[in-house]
Amino acid sequence: MAAPAASDRVERIVIENCSIATVDANDTEYASGHVVVAGNRIESVGAGRAPEGLEHVVRRIDGTGHLVTPGLINTHHHFYQWITRGLATDHNLFEWLVALYPTWARIDEPMARAAAQGSLAMMARGGVTTAMDHHYVYPRGSGDLSGAIIGAARDMGVRFTLARGSMDRSEKDGGLPPDFAVESLEGALAGTEAAIDAHHDASFDAMTQIAVAPCSPFSVSTELMRQGAELARRRGVRLHTHGSETVEEEKFCHELFGMGPTDYFESTGWLGDDVWMAHCVHMNDSDIAAFARTGTGVAHCPSSNARLAAGIARVPDMLAAGVPVGLGVDGTASNESGELHTELRNALLINRLGPHRQRALNARQALRLGTYGGAQVLGRAAQIGSLEPGKLADLVLWKLDTLAHASIADPVTALVLGAAAPVTLSLVNGKPVVEANHLVTVDEDAVARATREEARRLARIAAGA
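Computed from a predicted structure; not experimentally measured.

About the criteria used
- One numbering rule holds for all chains: residues counted from 1, following each sequence as written.
- Local features are withheld for residues below a pLDDT of 70 in this predicted model, meaning they are given only at 70 or higher, and side-chain atom pairs are given and counted only at 80 or more; totals for whole chains, interfaces and linings count all residues.
- Only heavy atoms go into the side-chain values, all of them from the structure, while hydrogens and water stay out.
- Strands here are runs of E lasting at least two residues and helices are runs of H or I lasting at least four, both read from the DSSP assignment and numbered beginning at the N terminus.
- A radius of gyration in this sense is built from C-alpha atoms; the matching globule rule multiplies 2.2 Å by the number of residues raised to 0.38.
- The rule is simple: take the accessible area with a 1.4 Å probe, protein chains only, and divide by the maximum for that residue type; under 20% is buried, over 50% is exposed, in between is partly exposed.
- Contacts are assigned to residue pairs that have any heavy atoms within 4.5 Å of one another.
- Positive charges come from Lys and Arg alone, negative charges from Asp and Glu alone, with His and the N- and C-terminal ends not counted.
- Throughout, a charge is located at the NZ atom of Lys, the CZ atom of Arg, the CG atom of Asp or the CD atom of Glu.
- Strand pairing follows a simple DSSP-based rule, namely that at least 2 bridges must link the two strands.
- By the criterion used throughout, a crossover qualifies as right-handed when its path from the first strand across the helix to the second strand runs clockwise, the strands pointing away from the viewer.
- Here, expected helix span is obtained from the residue count minus one, scaled by 1.5 Å.
- Here, nonpolar core refers to any group of buried Ala, Val, Leu, Ile, Met, Phe, Trp, Tyr and Cys residues whose side-chain atoms link them within 4.5 Å.
- The salt bridge criterion pairs a side-chain nitrogen of Lys or Arg with a carboxyl oxygen of Asp or Glu, the two atoms within 4 Å.
- The criterion for a disulfide is a pair of cysteine sulfur atoms lying within 2.5 Å.
- Aromatic pairing here means that ring centres of Phe, Tyr or Trp (its six-membered ring) are within 6.5 Å. Orientation follows from the plane angle: under 30 degrees is stacked, over 60 is edge-to-face, and everything else is tilted.
- Only lysine NZ and arginine CZ atoms are considered, and such an atom sits over a ring when it is within 6 Å of the ring centre and within 35 degrees of the ring normal.
- The predictor's confidence in any single residue is recorded as pLDDT, a number from 0 to 100.
- Only residues whose relative accessible area exceeds 30% and that take part in no salt bridge are eligible for patches, with like-charged residues grouped when within 9 Å of each other and nonpolar side chains (Val, Leu, Ile, Met, Phe, Trp, Tyr) grouped when within 5 Å.
- Where accessible areas are quoted, they stem from the Shrake-Rupley method and a 1.4 Å probe; at the residue level, only the protein chains shown are allowed to cover.
- Two N or O atoms form a polar contact when they lie within 3.5 Å of each other; inside protein one atom must be a possible hydrogen donor and the other a possible acceptor, and for residues adjacent in sequence the pair counts only when both atoms belong to side chains.

Observations regarding the overall build of the protein chain
Alright, step 1. Across its full length, the protein chain holds 14 helices and 17 strands.
Alright, step 2. Its C-alpha radius of gyration of 22 Å places the protein chain within 12% of the 23 Å reference for a compact globule of 465 residues.
Alright, step 3. Referenced to the eigenvectors of the C-alpha coordinate spread, the extents of the protein chain come out at roughly 70 × 50 × 45 Å.
Alright, step 4. Expressed as a percentage of its 465 residues, the buried residues of the protein chain come to 59%.
Alright, step 5. When contacts within the protein chain are restricted to residue pairs at least 6 apart in sequence, those whose partners lie at least 24 apart make up 74%.
Alright, step 6. Charged side chains in the protein chain number 40 positive and 55 negative. The centres of these two groups are separated by 3 Å.

Printed below as a string of structure tokens:
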């Protein structure tokens with residue numbers, strides 16, 4: 001008899017007896033159900049036990065006391081800030097940037113790699129299966145920073161988007177970063193295209209993708225914005241930047257460009273269904289309508305917005321208008337915890353301080369922001385963000401039968417409003433990244449040592465500059 005085809009020998013993982021929140025279009029949930037993973041795809045999801053007669057089952061997990069959800073998806077971060085946590089803690093955004101740019105401008109390749117490892121480890125251990133990094137500081141002579149960050153994500157085993165950032169408007173041009181921390185227009189565009197050439201994977205199950213990501217209106221020239229958008233669309237990749245984060249930014253745009261941020265972005269080609277922006281705190285009705293009309297996405301970063309006193313984003317209004325919204329950790333110098341479960345909880349709580357009060361968001365909407373919403377803004381909703389047959393096997397098994405959650409009957413409420421739940425298993429592309437609340441792909445203690453050492457080295461260099 002001929003040997004079966006390789007596809008017939010695909011290995012399966014079966015999870016049973018667990019609560020399931022699929023976050024599909026109907027918000028389908030099962031009080032006790034199963035998930036079958038075949039290779040790197042979800043094969044089946046449903047109520048009760050898994051189908052009988054499954055072949056090549058290499059692992060069968062009793063999920064009693066657990067909730068299975070799609071893996072969390074982080075849509076905005078700055079990994080390098082991991083090694084400058086705990087600084088400028090009482091500053092608003094502009095004060096904070098001015099205080100820290102001189103230090104950030106001294107980073108090099110070993111620092112970038114260590115900081116990426118620390119950022120990724122904290123997120124992955126807390127249920128993130130898809131991460132992104134908006135890295136925009138490329139000091140001259142600092143080495144291959146993009147390669148270092150991508151290498152850290154590859155070693156961790158998480159799905160990853162590098163938003164290759166850039167800055168070309170320094171202090172001498174009216175911007176915020178020091179002169180030696182920015183690139184030329186030509187250098188920024190060339191470096192971004194080189195990252196696309198070297199690392200972007202457009203396939204269905206891609207582990208690494210690249211986005212074009214000039215930093216912000218107050219650190220980037222109009223020409224870099226325009227040409228960056230043209231580059232992204234010529235190469236078929238997504239676009240990312242900061243937008244409407246503070247009232248100071250609004251004033252800056254009116255003074256420099258004669259219009260508000262949203263109108264400025266539209267004038268430079270930066271609205272569209274291939275664009276997502278971080279923060280979007282100060283948006284009026286017209287701004288929200290423009291985002292909805294064009295399909296422009298938002299990375300909502302509630303902890304960072306609160307840490308830097310930026311304000312409360314109008315997330316309920318965005319969702320009601322049809323704007324795609326995901327969640328972001330943001331840089332760990334403005335969100336020292338560095339993990340996304342905090343953002344599920346804070347998105348719900350902080351938005352209830354706004355005009356919609358208790359009707360602003362509920363627990364299931366918060367979970368959707370952190371999963372399917374994130375997949376939407378990263379342009380990957382067909383592949384990840386919900387538990388459906390044929391999608392990639394990125395999922396998390398959360399332990400909810402401990403003291404911390406024992407008296408909360410609803411598992412989604414327990415996950416979102418309760419204490420951070422232990423992760424019994426996290427799969428990315430069908431492969432374990434976390435087991436029993438510990439990373440299995442890297443040595444956590446070694447990562448902690450490396451980040452401490454690089455943080456101290458950066459502090460010494462910055463002090464002697």
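There is more to say, and it comes next.
With respect to the pairing of strand 10 (residues 238-243)
Alright, step 1. Within strand 10, 6 of the 6 residues are buried, which leaves the element mostly enclosed by the surrounding structure.
Alright, step 2. Strand direction decides the pairing type here: strand 9 (residues 208-214) and strand 10, joined by 2 bridges, are parallel. Opposite V212, over in strand 10, you have L239 as the bridge partner.
Alright, step 3. With helix 5 (residues 222-235) bridging strand 9 and its parallel neighbour strand 10, the resulting β-α-β unit is right-handed.
Alright, step 4. In terms of strand pairing, strand 10 meets strand 11 (residues 275-279) through 5 bridges, oriented parallel. Directly across from H240, in strand 11, lies its bridge partner W276.

Some remarks on helix 3 (residues 145-156)
Alright, step 1. Under the 1.5 Å per step criterion, the end-to-end length of helix 3 is 17 Å for 12 residues, consistent within 8% with the ideal 16 Å.
Alright, step 2. Most of helix 3 sits out of view: 9 of its 12 residues are buried.
Alright, step 3. Of all the positions in helix 3, only L145, S146, A148, I149, I150, G151, A152, A153 and M156 are classed as buried.

A look at the nonpolar core
When a protein is soluble and globular, its nonpolar side chains tend to lie buried together.
Alright, step 1. In terms of nonpolar packing, the biggest core is built from 109 residues, with W96, W104, L120 and M318 touching the most fellow members.
Alright, step 2. Among the nonpolar cores identified, the runner-up in size contains 16 residues, and I13, C18, V37 and I61 belong to it.

A few points about helix 11 (residues 341-351)
Alright, step 1. Counting buried residues along helix 11, 8 of its 11 residues qualify, which places the element largely inside the surrounding structure.
Alright, step 2. Taken together, the buried positions of helix 11 are H341, E343, L344, N346, A347, L348, I350 and N351.

Focus on the sheet that holds strand 8 (residues 159-166)
Alright, step 1. If you walk across this open sheet you meet the 8 strands as 6-7-8-9-10-11-12-13, and the pairing is parallel. Of all strands in the sheet, those with a lone pairing partner are strand 6 (72-73) and strand 13 (325-327), marking the two edges.

Focus: the environment of F79
Alright, step 1. Relative to the helices and strands, F79 is located in the loop between strand 6 and helix 1 (93-104).
Alright, step 2. Considering only alpha carbons, one finds F79 and R113, 34 residues apart in sequence, at a separation of 9.0 Å.
Alright, step 3. Ignoring sequence-local partners within four residues, the contact set of F79 consists of A115, A116, S119, L120, M123, A131, M132, D133, I149 and F160.

Some thoughts on the pattern of salt bridges
Alright, step 1. For the structure shown, the criterion picks out 24 salt bridges.
Alright, step 2. Taking the shortest distance from any N to any O, the salt bridge between R234 and E193 comes out at 3.0 Å. Of the two residues, R234 sits in helix 5 while E193 sits in helix 4 (residues 185-199), which places them 41 residues apart along the sequence.
Alright, step 3. Each of the salt bridges in this network shares a partner with another, and the network as a whole consists of E193, D197, R234 and R235.

Observations concerning the state of the cysteines
Alright, step 1. Scanning the model with the defined rule gives 0 disulfides in all.
Alright, step 2. Note on C301: no disulfide assigned, nearest cysteine sulfur contributed by C280 at a separation of 9.3 Å.

Here we look at the packing of aromatic side chains
Pairs of aromatic rings are described using the distance from one ring centre to the other and the angle between the two planes.
Alright, step 1. Here the structure, examined in full by the defined rule, presents 9 aromatic pairs.
Alright, step 2. Summarising the aromatic geometry, the rings of F257 and Y264 are spaced 3.8 Å apart at their centres and angled 5° between planes, so their arrangement reads as stacked. An identical accessibility class is assigned to F257 and Y264; each is buried.
Alright, step 3. Each residue in the set Y80, W96, Y101, W104 and Y136 is aromatic and connected to the rest through ring pairs, giving one cluster.
Alright, step 4. If you follow R85 out to its NZ or CZ, it ends over the ring of W82, 3.8 Å from the centre.
Alright, step 5. Above the plane of the ring of Y138 lies R164, whose end atom (NZ or CZ) is 3.7 Å from the centre.

What to know about the environment of A115
Alright, step 1. Tracing the backbone shows A115 in helix 2 (residues 109-125).
Alright, step 2. When near neighbours in sequence (up to four residues on either side) are disregarded, A115 contacts F79, Y80, W82 and I83.

Re the confidence of the model for the protein chain
Alright, step 1. Overall, the predicted model of the protein chain reaches an average pLDDT of 95, with 98% of residues at or above 70.
Alright, step 2. No element of the protein chain has a lower mean pLDDT than helix 1, at 89, and none a higher one than strand 5 (residues 66-70), at 99.
Alright, step 3. Low pLDDT, under 50, characterises residues 1-7; the stretch is placed with 1 contact to residues that sit more than four places away or in other chains.

Observations regarding a positive patch on the surface
Alright, step 1. On the surface, R449, R452, R456 and R460 cluster together into a patch of positive charge.
Alright, step 2. Mapped onto the secondary structure, R449 falls in helix 14 (residues 444-464).
Alright, step 3. For R449, a relative accessible area of 42% corresponds to the partly exposed category.

A short note on the side chain of N40
Alright, step 1. Structurally, N40 is set in the loop between strand 2 (29-38) and strand 3 (41-47).
Alright, step 2. The class for N40 is buried, based on a relative accessible area of 18%.
Alright, step 3. At 3.3 Å, the side chain of N40 forms a polar contact with the side chain of D205.
Alright, step 4. Leaving out residues up to four positions away in the same chain, N40 has contacts with D205, K391, L392, A393, N429 and G430.

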